[in-house]
Every structure is written in C-alpha cells, then in structure tokens.
Amino acid sequence: MKIERLISMIMILLQRELVSATELAKTFEVTTRTIYRDIETLNMAKIPIFTVPGRNGGIGLMPTYKVDKKLLTSKDLQNILTALHGVEQLIQSPEIKSTMTKIRAMQTEQWNAEMDFSLHFTGWQGTEELKAVAESLQDAIRLHVIVKFDYYDANGTHSSRTIEPYHLMYKGERWYIQGYSFEREDFRTFRLARMTNLKFTDETFNPRDYAVIDKIPKENLPQFYPVRLKANMRVRDIIIERFGTSVITPCDETTYYADLQLPNVENAYRFILQLGANAEVMAGGIFEKDFRVYLAKIINIYEPATSPNLEVNKKNPY
C-alpha cells in the first residue's frame, strides 16, 4: 500500500543522508517515477524532503526534521526482526515485508551483525504447498471472500464446507484456518492439510463479530493411559521435545525409561512407531494390548511380500 511505502521511505531517509531514487525503487519494487510521485506527496504533507541532482546525488530529508528513534533499542529491533523473519518463512505478506523494511531502516547499528539466535523452518515440498494455500487464504481474509472446499476430518469423514475466513494459525508445525461455517452456523477451525478442492468464490461478506480461538478444538477427547517405554538414547531428543525431561528415568549409559500418558488412539501408535527399533513398550495395559493389535494389522499388510527365507530377528535390541 502507498501509505506503508511512504512511512518506510521516511524511516530510511531518517537513517541516511542521501538515497538514490533507483535504490528506493528497487527496495519497494516500484518505478522511479512512482518514487518521485511519492516525494511530491510527502512534500505536500510538510515532510521536508529534498533532491540532489547528479551522479552522486539522491533523495534526502532535511536535518531539521526530527523523530524520536530511541523508543526501541537496537537489540529490541533485532529481536523483532528475528521473529518477523521466522514468520516470513512461513507466509509471504506485503505487510510483513513492509514492516521489516521500516524496522531495518530504524536500526542504528550494522544490520548484518551476528544474531544471538535465528529461526528456520523445514522446506519440505508439502510445507511449501501449504504455505501457498495459506497465502491465498490470507488474501481471502483481507478481501472478505467466501471460500469453499471439501474436508476430511481426523476419522477420514468427508464433508463439503463453505466458510467466511477470518484467521490463519500456525500451531504445532500445522496450518489452520478459522472461519464461520455456513453448514454448522458457527465458527469452526479447519486444518489446511485436510482441505481439498479449495475454491475462492466471487462472493464477499460483511465480517461478523469474531474472537480468535486460541486452542485447537479436540473432538471426543480420548482417555489417557500410563505407558512405560524403554528407549535408546538416540531418540531421547524426540521424547524430551514432546514430553519434557521429567518423564525420563536413566536405565544405563545407553537406555532410559520414559513414563508417558498417552491416548489409546492411532496417533499415539504412530508416535511410538516413529521411534522404530529404538524403543519398546514395557508396560501399558489396555494401550499395549491395542497397540499390538495395530502392529499385527500393519504386519498383515506386508506379510505376503515377505520372503519365506527371510529370518526376522526377534531378539531384544537392548
């Protein structure tokens, strides 16, 4: 937007004596003609901008024009930029890009100084595809466009939905969209990876009163059961990232026990399976019983392809 570009331009000129029109045009992805029109607009708003012709000339701001630039310290600005850089990896947004430009212009210290920390997100193909969907939905939110899609819930049940989109959420490495569902006549949260045949209609809507739903709703919350795993140190990080260090009891130099509370559902079985041969369920009652049934179903799928001469090592990996 023009107003965002004008503010960003002022912030840049506050930090530098002269900036060429070509550099500003490249920064804001506009033509130099647009930059000179912006200068006229700023002059009309009583912002004392001047131009210096010639090879070493450029655009500047009169030194008598003062703005308090110390409301935030350089470290504050650096932390904000780090956070925004993480968001920018998840979703491209003109607003975020404009904000980053303005904050960088406010910095009084060298921007490429070493950062205390940084944020990076996995660039899987699926992640990139969902990022593109999220960006399209962000436009629909901004323009108040009604969206239609097919949806498959956690049980694989299909439904067709028409919603007024209101809020995008990235939580637990997953994208969600919150909106008003015409079918349910209420606000609902949908996981982007479960949406198919997404269509942006030509219909727009007048926004309703809406408050962000901070928690992802859990339908039919299952009962949790105590489960003890014996695991190798190779997968200690996976357990800690999910459950913390309090669940771990050392066994020896290479193994440990993990006492977990798990729901007796397929997602919990999948979590244990991702540990591979590095973990074994030692005690789990009904959970362990149902988990073994689940394993038997998986083995049954692949059993016909198993060579009769292949010996399965049933020896405990520990």
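Conventions we followed
- Residues numbered from 1 in each chain as written.
- Predicted model: local features only at pLDDT ≥ 70, side-chain atom pairs only at ≥ 80, totals over all residues.
- Heavy atoms only, no water.
- Pairing = 2+ DSSP bridges.
- Helix = DSSP H or I, 4+ residues; strand = E, 2+ residues; numbered from the N terminus.
- Axes fitted to C-alpha atoms, helices over the stretch in contact; angles between N-to-C directions.
- Core = buried A, V, L, I, M, F, W, Y, C linked by side-chain atoms within 4.5 Å.
- Buried < 20%, exposed > 50% of the residue type's maximum accessible area, 1.4 Å probe, protein only.
- Contact = heavy atoms within 4.5 Å.
- Salt bridge = Lys/Arg side-chain N within 4 Å of Asp/Glu carboxyl O.
- pLDDT = per-residue confidence, 0-100.

**Topic: the sheet that holds strand β10 (residues 255–263)**
Right, so step 1: Pairing is antiparallel across the open sheet formed by 4 strands, whose spatial order is β9-β10-β8-β11. The two strands at the open ends of the sheet, each matched to only one other strand, are β9 (248–250) and β11 (279–283). The average undirected angle you get between the axes of adjacent strands in this sheet is 30°.
Right, so step 2: Inspection of the sheet shows β9 paired to β10 by 3 bridges, in the antiparallel sense.

**Things to note about the nonpolar core**
Right, so step 1: In terms of nonpolar packing, the biggest core is built from 21 residues, with L229, I239, Y256, L260, L262, I272 and F287 touching the most fellow members.
Right, so step 2: Listed by contribution, the elements that provide at least two residues to this core are β8 (224–232), β10, α8 (266–273), β11 and α9 (286–302).
Right, so step 3: The residues touching L260, leaving out its near neighbours within four places in the chain, are Y225, P226, V227, L229, I239, F243, V247 and F271.
Right, so step 4: Core analysis: the second largest hydrophobic core is formed by 19 residues, I12, L13, I47 and L61 among them.

**Re the pattern of salt bridges**
Two side chains with opposite charge may pair up if their charged atoms get near one another.
Right, so step 1: Per the stated rule, a full pass over the model turns up 6 salt bridges.
Right, so step 2: A salt bridge links D186 to R188, with the shortest nitrogen-to-oxygen separation between them at 3.5 Å.
Right, so step 3: On the basis of relative accessible area, D186 is assigned to the partly exposed category, the value being 37%.
Right, so step 4: Take R188: its relative accessible area is 30%, and that puts it in the partly exposed class.
Right, so step 5: When the shortest N-O distance is used, the salt bridge between R228 and D259 registers 2.8 Å. A residue pair is termed long-range when its members are at least 10 positions apart, and R228 in strand β8 and D259 in strand β10 qualify at 31 residues.

**Describing the confidence of the model for the protein chain**
Right, so step 1: Counting all residues, the mean pLDDT for the protein chain is 80, and 72% of those residues have values of 70 or more.
Right, so step 2: A low-confidence stretch, residues 109–113 stays under pLDDT 50, and its non-local contacts, those more than four residues away or across chains, total 4 contacts.
Right, so step 3: pLDDT under 50 marks residues 310–318. Its contacts with residues more than four places away, or in other chains, come to 10 contacts.

**Points about the sheet that holds strand β7 (residues 195–204)**
Right, so step 1: One open sheet holds the 5 strands; their spatial order is β6-β5-β4-β3-β7, and the pairing between them is antiparallel. Edge positions in the open sheet fall to β6 (186–191) and β7, since each of these has one partner strand only. Within this sheet the neighbouring strands show an average axis-to-axis angle of 45°, counted without direction.
Right, so step 2: Where strand β3 (residues 145–152) and β7 come together, 5 bridges link them in antiparallel fashion. What sits directly across from V145, in β7, is T204.

**A look at unusual backbone geometry**
Right, so step 1: The backbone of E29 sits at a positive phi, close to 55°, despite the residue not being glycine.
Right, so step 2: The topology assignment puts E29 in the loop between α2 (21–28) and α3 (32–44).
Right, so step 3: Within the chain, E185 stands out as a residue other than glycine whose phi angle is a positive 55°.
Right, so step 4: With respect to the helices and strands, E185 occurs in the loop between β5 (174–181) and β6.

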